[in-house]
Amino acid sequence: QIFAFVGFLELAVMKDVTGDSEFPGDFRNGALDFGWDTFSPEEQESKRAIELNNGRAAQMGILALMVHEKLDNNPYIINSLLGSPVPFN
């Protein structure tokens, strides 16, 4: 299901329909407008840098979850927090 959903996004939603992409990863297709063009170039660059750093932080968070799972062989942190750890390996 996830594979089909991602395939749908790649083929139908996440493409440069207008041909006006300004930078790599610019997937605006005209459906939603959050006022990106109203920002100055400095604000746009700042917002792109902020989004890139947020993505990096999310990747580090997922990596930390994977490391935690390997350290104590408990695959679900939330189960430990709720008091029902899952036997693993």
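Here, the structure is the one placed above.
All values reported here derive from a predicted model rather than from experimental measurement.

Student: What is the right way to read the overall build of the protein chain from this model?
Tutor: The number of helices and strands found in the protein chain is 3 helices and 0 strands. Secondary structure elements of the protein chain, listed N to C terminal, follow the sequence α-α-α. When contacts within the protein chain are restricted to residue pairs at least 6 apart in sequence, those whose partners lie at least 24 apart make up 3%. In the structure as shown, the protein chain presents an accessible area of about 7,600 Å², 64% of it carried by carbon and sulfur atoms.

Student: How should I be thinking about the packing of aromatic side chains in this particular structure?
Tutor: How two aromatic rings sit relative to each other is set out by the distance from centre to centre and by the angle between their planes. Applying the stated criterion to the full structure yields 1 aromatic pair. Pairing W36 with F39 gives two aromatic rings, centres 6.0 Å apart and planes at 80 degrees, and the pair type is edge-to-face. With a relative accessible area of 16%, W36 lands in the buried category. F39 gets classed as partly exposed once you look at its relative accessible area, which sits at 26%. The ring centre of F39 lies 4.8 Å from the NZ or CZ of K47, which sits over that ring.

Rules of the game
- Residues numbered from 1 in each chain as written.
- Predicted model: local features only at pLDDT ≥ 70, side-chain atom pairs only at ≥ 80, totals over all residues.
- Heavy atoms only, no water.
- Helix = DSSP H or I, 4+ residues; strand = E, 2+ residues; numbered from the N terminus.
- Contact = heavy atoms within 4.5 Å.
- Areas by Shrake-Rupley, 256 points an atom, 1.4 Å probe, with all protein chains shown as cover.
- Phe/Tyr/Trp six-rings, centres within 6.5 Å; stacked < 30°, edge-to-face > 60°.
- Buried < 20%, exposed > 50% of the residue type's maximum accessible area, 1.4 Å probe, protein only.
- Lys NZ or Arg CZ within 6 Å of the ring centre and 35° of its normal.

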